[in-house]
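# Coordinate analysis (summary)
Listed here are the chains, written in short residue letters.
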Amino acid sequence: MRNKFDTQLDTLNNNLIIMGAMCENAIASAVKALMTYNVPLAQATIEAEKQIDEKEREIESLCLKLLLQQQPVARDLRFISAALKMITDMERIGDQAADIAEIVTFIDLSESKNKVNIAEMTEAIIKMVTESIDAFVNRNLGLAKSVIEYDDVVDGYFTRIKKDLIDFISADKQHGEAVLDILMIAKYLERIGDHATNIAEWVVFAITGTHQT
Amino acid sequence: MFYGDFQALKNININIPANEITALIGPSGCGKSTFLKTLNRMNDLIEGCRIEGRVLMDGEDIYGNIDINMLRKRVGMVFQKPNPFPMSIYDNIAYGPRTHGVRNKAKLDDIVERSLTDAAIWEELRDRLNKSALSLSGGQQQRLCIARALTVEPEVLLMDEPTGALDPISTNKIEDLAIDLKKMYTIIMVTHNMQQATRISDNTAFFLLGEIIEYDNTEKLFSTPADGRTGDYITGRFG
């Protein structure tokens with residue numbers, strides 16, 4: 001009945017999974033470059049951001065093609081418009097991973113980084129990104145809502161890191177610049193969490209038709 | 001509403017607001033055209049047709065003791081295939097008023113100009129009113145038929161797939177016209193074109209197997225339909 005349309009929707013889903021995986025990789029390798037002070041890896045992460053941008057263009061034109069050819073309504077229209085909005089957030093996630101990688105290319109933070117718990121926060125962030133895309137692909141409302149709630153946990157990590165950094169700087173004034181950079185990295189991670197939350201909110205819209213704010 | 005033993009419409013209960021466009025959608029044979037015909041008693045002409053229930057217009061039951069000619073004057077109709085009479089453009093338009101007893105030439109001229117203007121076709125036809133209506137294009141014929149329906153100043157305009165046989169440009173003109181006309185008339189339109197329903201109607205009723213499955217604000221029905229069957233139909237999963 002609507003074979004071509006369903007195939008195109010599958011292609012859209014698959015591309016979103018691929019773009020989601022690219023974002024997760026970008027975050028993981030940016031943080032790994034930070035932890036191990038691996039400048040080539042950081043540079044590779046900055047490079048990889050272009051591929052995420054290309055993927056965004058590709059998905060965007062697929063969505064426009066779907067709107068043009070299929071003139072979707074109801075849930076089809078909601079899923080396609082949600083996809084269009086989601087990729088903007090995913091592209092920003094790529095940017096922020098690249099921003100983290102860029103800091104790594106400027107300064108060796110290997111000494112200061114252990115003072116705070118970046119690794120755990122990163123794990124939480126990647127979980128949010130993965131689950132927000134999973135929720136879209138599997139039309140899983142419960143999962144989308146749990147991602148939105150989980151943002152508070154990530155905000156908690158950020159507050160904790162900020163506090164630890166204040167303690168660190170008052171004990172050791174030598175590392176002022178490193179502290180600021182780590183704070184920025186934590187802020188980028190926290191922003192990635194916000195983007196994952198946005199994605200999850202679009203998933204809720206796609207499923208229910210109302211936007212949770 | 002029954003055709004002999006066959007019940008073509010069941011449990012219909014809707015409220016159609018004045019000065020709005022209400023679209024009727026649904027797969028072929030679901031009862032939307034049948035429903036449209038109940039609104040000006042066109043189904044009276046069908047043998048074995050029987051109605052239960054009431055159709056109220058301004059509180060009055062049109063299946064009660066009423067003058068059927070007056071009803072058809074108040075509730076005009078336009079069909080899928082333009083059906084101009086084989087006579088001049090002028091006579092097509094003057095036909096209705098003449099049968100209602102208007103003889104005065106100046107008054108008829110007036111009605112012809114006003115109706116053609118309201119149907120957005122006066123400028124195109126003003127210089128060829130004596131030409132045969134059959135010489136017009138399909139889109140022009142359809143607007144002529146709308147003009148003809150407007151001559152007797154109806155309150156309600158029933159349209160059964162009015163753009164079903166028209167090209168995209170004529171379709172646009174009819175759609176614009178419908179939006180314009182709703183200021184003065186209440187329009188109820190059967191359409192197979194979902195995009196048309198979303199473009200021009202205020203409310204949409206989804207028919208399936210003789211029942212109204214869902215009736216709601218058009219934007220709501222096409223973005224977040226409440227019934228799974230509506231969603232399946234409008235997204236092309238069946239029908």
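An account of the accompanying structure is given in this report. (Residues numbered from 1 in each chain as written. Chains lettered and ligands numbered in written order. Predicted model: local features only at pLDDT ≥ 70, side-chain atom pairs only at ≥ 80, totals over all residues. Heavy atoms only, no water.)

## Regarding the overall build of chain A
For the record, the criterion: Strands are runs of DSSP state E lasting at least 2 residues, helices are runs of H or I lasting at least 4, and numbering of each runs from the N terminus. Restricting the calculation to C-alpha atoms gives the radius of gyration, and the globule rule supplies 2.2 Å times the number of residues raised to the power 0.38. Between buried and exposed lies partly exposed: a residue is buried under 20% and exposed over 50% of the maximum accessible area for its type, with that area taken using a 1.4 Å probe on protein chains only.
Along chain A, the regular secondary structure elements total six helices and zero strands. When the helices and strands of chain A are placed in sequence order, the string is α-α-α-α-α-α. Relative to the globule expectation of 17 Å for 213 residues, the C-alpha radius of gyration of chain A, 19 Å, shows essentially globular dimensions. For chain A, the C-alpha atoms occupy an extent of roughly 70 × 35 × 20 Å along the three principal directions. Classification of the 213 residues of chain A by burial places 50% in the buried group.

## Regarding the sheet that holds strand β7 (residues 75-78) of chain B
All names here are of chain B. The condition that has to hold: Two strands are said to pair when DSSP picks up at least two bridges between them. The angle between two axes is taken between their N-to-C directions and runs from 0 to 180 degrees, where each axis is a line fitted to C-alpha atoms and a helix contributes only its stretch in contact. A contact between two residues is defined here by any heavy atoms of the two lying within 4.5 Å.
Here six strands make up an open sheet; going across it, the order is β7-β8-β9-β3-β10-β11 and the pairing mixed. What marks the edges here is a single partner per strand, and that holds for β7 and β11 (211-217). Taken over all neighbouring pairs, the strand axes of this sheet differ in orientation by 20 degrees on average, direction set aside. Where strand β8 (residues 156-160) meets strand β9 (residues 186-190), five bridges bridge the pair, whose relative direction is parallel. Bridge pairing links V156 to T186 in β9. In the packing of helix α7 (residues 168-181) onto the sheet, contacts are made with β3 (21-25), β8 and β9, and the angle to β9 comes to roughly 145 degrees.

## Brief notes about the sheet that holds strand β4 (residues 49-50) of chain B
Working definition: the strands of a sheet are paired by backbone hydrogen bonds and lie parallel or antiparallel to each other. In spatial order, the strands read β2-β1-β4 (chain B); together these three strands make up an open sheet with antiparallel pairing. Only two strands of the sheet have a single partner each, and these edge strands are β2 (6-7) and β4 of chain B.

## Comments concerning helix α6 (residues 176-208) of chain A
Convention followed: The span one expects for a helix is its residue count, reduced by one, times 1.5 Å.
End to end, α6 of chain A covers 48 Å across 33 residues, agreeing with the expected 48 Å (1.5 Å per residue, within 8%). Within α6 of chain A, 24 of the 33 residues are buried, leaving the element largely enclosed by the surrounding structure.

## A word on the nonpolar core
For clarity, the threshold we go by: Think of a nonpolar core as a cluster: buried Ala, Val, Leu, Ile, Met, Phe, Trp, Tyr and Cys residues, connected wherever their side-chain atoms sit within 4.5 Å.
Grouped together as the largest cluster of nonpolar side chains are 69 residues, with contacts concentrated most on L12, L16, I118, F136 and L189 of chain A. Considering each element in turn, this core owes the most residues, 16 residues, to α6 of chain A. If we ignore the near neighbours within four places in the chain, the residues touching L16 of chain A are I59, A83, M86, I87, M90, I133 and F136 of chain A. A94, A147, I174 and L181 of chain B belong to the second largest nonpolar core, which has 33 residues in total.

## A few points about the packing of aromatic side chains
Using the following cut-off: Here a Phe, Tyr or Trp ring, Trp counted by its six-membered ring, pairs with any other such ring whose centre lies within 6.5 Å, and the pair is stacked when the planes are under 30 degrees apart, edge-to-face when over 60, and tilted otherwise. Any Lys NZ or Arg CZ found within 6 Å of a ring centre and within 35 degrees of that ring's normal is scored as a charge over the ring.
Tallied over the full model, the rule gives six aromatic pairs over all chains. Look at F35 of chain B and F207 of chain B: their rings are 5.4 Å apart centre to centre, the planes differ by 45 degrees, and that puts the pair in the tilted class. With F35 of chain B in helix α1 (residues 32-38) and F207 of chain B in strand β10 (residues 203-208), this residue pair connects regions lying 172 residues apart in the sequence. Each of the two residues, F35 of chain B as well as F207 of chain B, counts as buried. Between the aromatic rings of F206 of chain B and Y233 of chain B, the centroid separation amounts to 5.1 Å while the plane-to-plane angle is 20 degrees, which identifies the pairing as stacked. One end of the pair, F206 of chain B, is in strand β10; the other, Y233 of chain B, is in helix α10 (residues 228-234), with 27 residues separating them in the sequence. There is no split in this pair, since F206 of chain B and Y233 of chain B are both buried. Each member of the aromatic cluster is reached from another via a ring pair, and the members are F206, Y233 and F238 of chain B. For the cation-ring pair, R139 of chain A lies above F79 of chain A, with the distance from its terminal atom to the ring centre recorded as 3.6 Å.

Note that all results are geometric; they support no functional claim without further evidence.
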